[in-house]
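Architecture at a glance
Chain residues, written in single-letter form:
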Amino acid sequence: MAYVLIAEDLTKHYGNVRALTNFNITVDPGSIYGILGPNGSGKTTCLSIILDVIKADSGSYEWFGKTASHHTRRRRIGALLETPNFYPYLTAVENLKVVAAIKNRGDKNIHAALQVTDLSSRRNSRYSTFSLGMKQRLAIAATLVGNPEALVLDEPTNGLDPQGIAEIRALIREIASEGKTIIIASHLLDEVEKICTHVAILKSGEKVTSGKVADILGKDNQVEVAAENMEALEAAAKEMQGLQSCKKERDKLTLKFSHTVHTGEMNAYFFDKGITLTHLNTRRRSLENIFLELTSSNEQAATDRVH
Amino acid sequence: MNRLLQIEFIKVKSYRAFWAVLGIYALTFIVVTSTIGVIESSARVSASAFFSFPDAWHHLASVASFLNILPAILIIMLISNEYSFRTFRQNLIDGLSREELVYSKFILIGAIALLCIAFIFVYGFTRGLIAGHFDELGEMVEKISFLFRLFVQMAGYMSLAALFTFILKRSAISILVFLVYVGFELSVRQFMPIGEIRRFFPVSIFSALIPAPGDISLVAAASLSPDLILALSVLYISACIGACYVLINKSNL
């Protein structure tokens, strides 16, 4: 199996609103693929299309290759889309039995699913009596029913308390370590940064960047420097090769380069110019910086990143 | 089909409103059929004649045909629930096809109709044995085909109700529109001289499945042959299934 999901040129309009434009994604087996974007950027639209809840205007997608009809392939996916949807008058177990019967994979692991989501003690309570956090955990339990090969999770930690968030993240990592593929949409940056292997960033329905999280984060092309004589430092810095920008921040300079920089070379360069650095630090970009840069209204920053 | 029925059964098994409506149906049926004996003097048929085989099946079916509104409302509740709890969407995500979403509801319609028929059969059989007169076994089942026609009639009303719900999605508005439509057809039938066509309206066809006992033809479609009425009923039910499928297939859930 070359890939779990491949989607090409997915486009969806709601009237005049372009919810998703030419969206492409290829998800390899075993990866945790994060789809990141601000509210209304098309994350849920994208997931709704690949789960056949919404019909795309154009484009195509394939799960697990063309082995069976769409809905039987969907049974190999556990999915949580937006809000938890259950029958309020049924208990947790009964709701999961519905899911198991639909997936046609037996209901053997219902209790295991309730156990890992910490709902065992409330398994015979009606869904209508659940708190928001419990509803969300039941939705995650439902995705595990039938032991699916891939999970699609839309904002999985919505409505959970910090402890619940930590537990769900640990659970997602544990599931991923079993070799399952996970596609996760979120606007929580540290969530994606902490658990995902790949990421695609959406802005107003368009993908602005995608790739391995390590590649996107890994470009150490910013460095902070400071010295006793800031004027001399700034003058020397501006003569450096590959410098894109030089920003003065209070008592230090932030230099941005077009290439990856090494602190050793940096230190040697300034020392040769007779400047002794009092501060030298490469700034590892957090996903938050990249995200804000890419999704801000400043188009220039976005295009900078893409090219 | 077995799997779809099983899924629907899990959904309704602990749903109290489902059993409540069926309970009301059974209770109303028992009360109405029992009252016939009490007001014997003014009734067209006496209690013992009412439950006598083979006409008992015809009598019971025509009483039941006035209660079809209850299973129809039940189906509206069950389908609109799927929309308001967004569980159609979830069922689809979990791996049902859009076809299966529609078929599961029509399988449920068949199951509810069967359940009601089974109740009427057991009830009629018991009451017939106690109060009725019959000479031989063959007589008891002679007119049992009325129960089959009642099955088609119930399925017909419920299919129409299902179609309204697949269009309107909300329970209150669907029940209202369904009742108004049934009332509209009845009034059209009674008061408007629009000729032969009115006999072919769905509710007219469904109600003509069980003509009133004693050949008192209140129903406009009664002049059509029973076989034609049955065939048209099945056609209308199939049309409802087809229309529901088309509706759900093009909609975003």
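What you are looking at is a predicted structure, and each value in this text was computed from that prediction instead of being measured. (Residues numbered from 1 in each chain as written. Chains lettered and ligands numbered in written order. Predicted model: local features only at pLDDT ≥ 70, side-chain atom pairs only at ≥ 80, totals over all residues. Heavy atoms only, no water.)

1. Some details on the overall build of chain B
Rules: Every helix listed is a DSSP run of H or I at least four residues long, and every strand listed is a run of E at least two residues long, numbered separately from the N terminus. Classification of residues uses two cut-offs on accessible area relative to the type maximum, computed with a 1.4 Å probe and protein chains only: under 20% is buried, over 50% is exposed, and between them is partly exposed. Whether two residues are in contact is decided by their heavy atoms, any of which lying within 4.5 Å being enough. Per-residue accessibility takes into account occlusion by the displayed protein chains alone, with areas from the Shrake-Rupley method and a 1.4 Å probe.
Helix and strand counts for chain B come out as 12 helices and zero strands. Counting all 253 residues of chain B, 51% fall into the buried class. Look at the contacts in chain B between residues 6 or more apart in sequence, and 77% of them connect residues 24 or more apart. Surface accessibility of chain B: about 11400 Å² in total, with carbon and sulfur atoms responsible for 69%.

2. As for the overall build of chain A
Applicable threshold: Two residue types count as positive, namely Lys and Arg, and two as negative, namely Asp and Glu; His and chain ends fall outside the count. The location of each charge is read from NZ of Lys, CZ of Arg, CG of Asp or CD of Glu.
Per the secondary structure count, chain A includes 12 helices and 13 strands. Across its three principal directions, the C-alpha atoms of chain A cover 75 × 45 × 35 Å. Sorting the 307 residues of chain A into buried and exposed places 53% on the buried side. On chain A, roughly 13800 Å² of surface is accessible, and the fraction owed to carbon and sulfur atoms is 47%. The average position of the 37 basic charges and that of the 36 acidic charges among the side chains of chain A differ by 7 Å.

3. Some remarks on the interface of chain B and chain A
We apply this condition: Accessible-area loss on putting two parts together, using a 1.4 Å probe and summing over both, is the definition of buried area adopted here. Any Lys or Arg side-chain nitrogen found within 4 Å of a carboxyl oxygen on Asp or Glu counts as a salt bridge.
With 27 residues of chain B at the interface, the matching set in chain A holds 29 residues. Carbon and sulfur atoms make up 52% of the surface buried where chain B meets chain A, a total of about 2800 Å² over both sides. Broken down residue by residue, the surface that chain B buries against chain A is led by I10, I93 and D94 of chain B, which jointly contribute 23%. At the surface where chain B touches chain A, the tally comes to three salt bridges.

4. So, the sheet that holds strand β4 (residues 58-63) of chain A
Residue and element names in this part refer to chain A. Selection rule: For two strands to count as paired, DSSP must find a minimum of two bridges between them. Only the stretch in contact is used when fitting a helix axis, every axis being a line fitted to C-alpha atoms; angles between N-to-C directions are given from 0 to 180 degrees.
Taken in spatial order, the three strands line up as β2-β1-β4 in an open sheet, and their pairing is antiparallel. The sheet is open, and its two borders are formed by β2 (17-27) and β4, each paired with just one other strand. Across the sheet, the mean angle from the axis of one strand to that of its neighbour is 20°, orientation sign disregarded. Two elements, strand β1 (residues 5-14) and β4, share five bridges in a ladder whose sense is antiparallel. Following the sheet pairing, L5 is matched in β4 by W63. Strands in contact with helix α1 (residues 43-50) are β1, β2 and β4; relative to β1, the strand with the most contacts, it is inclined by about 120°.

5. What to know about the packing of aromatic side chains
Just so we agree on the cut-off: Note on aromatic pairs: the rings of Phe, Tyr and Trp (six-membered ring only in Trp) are paired at centre separations within 6.5 Å, and the planes decide the class, stacked below 30 degrees, edge-to-face beyond 60, tilted for the rest.
Throughout the structure, instances matching the rule amount to 22 aromatic pairs over all chains. Between the aromatic rings of Y89 of chain A and Y15 of chain B, the centroid separation amounts to 3.8 Å while the plane-to-plane angle is 15°, which identifies the pairing as stacked. Of the two residues, Y89 of chain A sits in the loop between β5 (77-80) and α3 (92-103) while Y15 of chain B sits in the loop between α1 (2-13) and α2 (16-38), which places them in two different chains. Of the two residues, Y89 of chain A and Y15 of chain B, both sit in the buried class. Where F51 of chain B meets Y123 of chain B, the ring centres are 6.2 Å apart and the plane angle is 75°; that geometry is what we call edge-to-face.

6. Things to note about the pairing of β2 of chain A
Residue and element names in this part refer to chain A. Relative to β2, β1 is paired through seven bridges, and the arrangement is antiparallel. Within β2, the residue paired with H13 across the bridge is R18. Connecting β1 to the antiparallel partner β2 that follows it, the hairpin turn spans two residues, and G15 within it adopts a positive phi of roughly 65°.

7. Notes on the packing of helix α7 (residues 98-131) of chain B against helix α9 (residues 145-168) of chain B
Residues and elements named next belong to chain B. Note the cut-off: Crossing handedness follows the turn of the near helix against the far one: under a right angle anticlockwise gives a left-handed crossing, and clockwise gives a right-handed one. All residues other than Ala, Val, Leu, Ile, Met, Phe, Trp, Tyr, Cys, Pro, Asp, Glu, Lys and Arg, Gly among them, are scored as polar; the first ten of these are nonpolar and the last four charged.
The interhelical angle for the contact between α7 and α9, taken along N-to-C directions, is 145°, at an axis separation of 9 Å. Handedness of the crossing formed by α7 with α9: right-handed. Contacts between α7 and α9 involve V102, K105, F106, I109, G110, I112, A113, L114, C116, I117, I120 and F121 from the former and L147, L150, F151, M154, A155, M158, S159, A162 and F166 from the latter. Of the residues that constitute the contact of α7 with α9, the class distribution is 18 nonpolar, two polar and one charged.

8. Some details on the pairing of strand β6 (residues 150-154) of chain A
All names here are of chain A. Counting buried positions over the five residues of β6 gives five, a clear majority of the element. Along β6, one buried face is formed by A150, V152 and D154 and the opposite face, lined by L151 and L153, is buried too. Sheet topology places β5 next to β6; four bridges connect them, and they run parallel. Along β6, the bridge assignment pairs L80 with L153. In the sheet, β6 pairs with strand β7 (residues 181-186) via five bridges, with the strands oriented parallel. Directly across from V152, in β7, lies its bridge partner I183.

9. Some details on the nonpolar core
Note the cut-off: Residues enter a nonpolar core if they are buried and are Ala, Val, Leu, Ile, Met, Phe, Trp, Tyr or Cys, with the set joined through side-chain atoms within 4.5 Å.
Within the largest apolar cluster, 113 residues are counted, with the highest numbers of intra-cluster contacts made by I35, L51 and W63 of chain A together with I75, I112, L150 and F178 of chain B. For this core, the element with the highest residue contribution is α9 of chain B, accounting for 14 residues. Setting aside its immediate chain neighbours within four residues, W63 of chain A contacts V4, L5, I50, R73, I77, A150, V152 and I183 of chain A. If you look at the next biggest cluster of nonpolar residues, it comprises 48 residues, including V145, I168, A176 and I184 of chain A.

10. Examining helix α6 (residues 87-94) of chain B
For α6 of chain B, a buried count of eight out of eight residues is recorded, marking the element as mostly surrounded by other parts of the structure. At the C-terminal side of α6 of chain B, G95 of chain B shows a positive phi close to 130°.

11. Remarks on the pattern of salt bridges
Tallied over the full model, the rule gives 22 salt bridges over all chains. For E100 of chain B, the salt bridge is made with R75 of chain A, and the minimal N-O distance between the two is 3.9 Å. On the criterion of chain membership, the pair formed by E100 of chain B in helix α7 and R75 of chain A in the loop between α2 (70-74) and β5 is interchain, its members lying in two chains. With a relative accessible area of 12%, R75 of chain A lands in the buried category. Here E8 of chain B ties to K11 of chain B by a salt bridge, and the two come within 3.2 Å at their closest N and O atoms. With E8 of chain B and K11 of chain B both in helix α1 and three residues apart, the pair spans about one turn of that helix. In this pair, the class of E8 of chain B matches that of K11 of chain B, namely buried. A cluster of three or more residues bridged by salt bridges with shared partners is formed by E8, K11, E82 and K105 of chain B.

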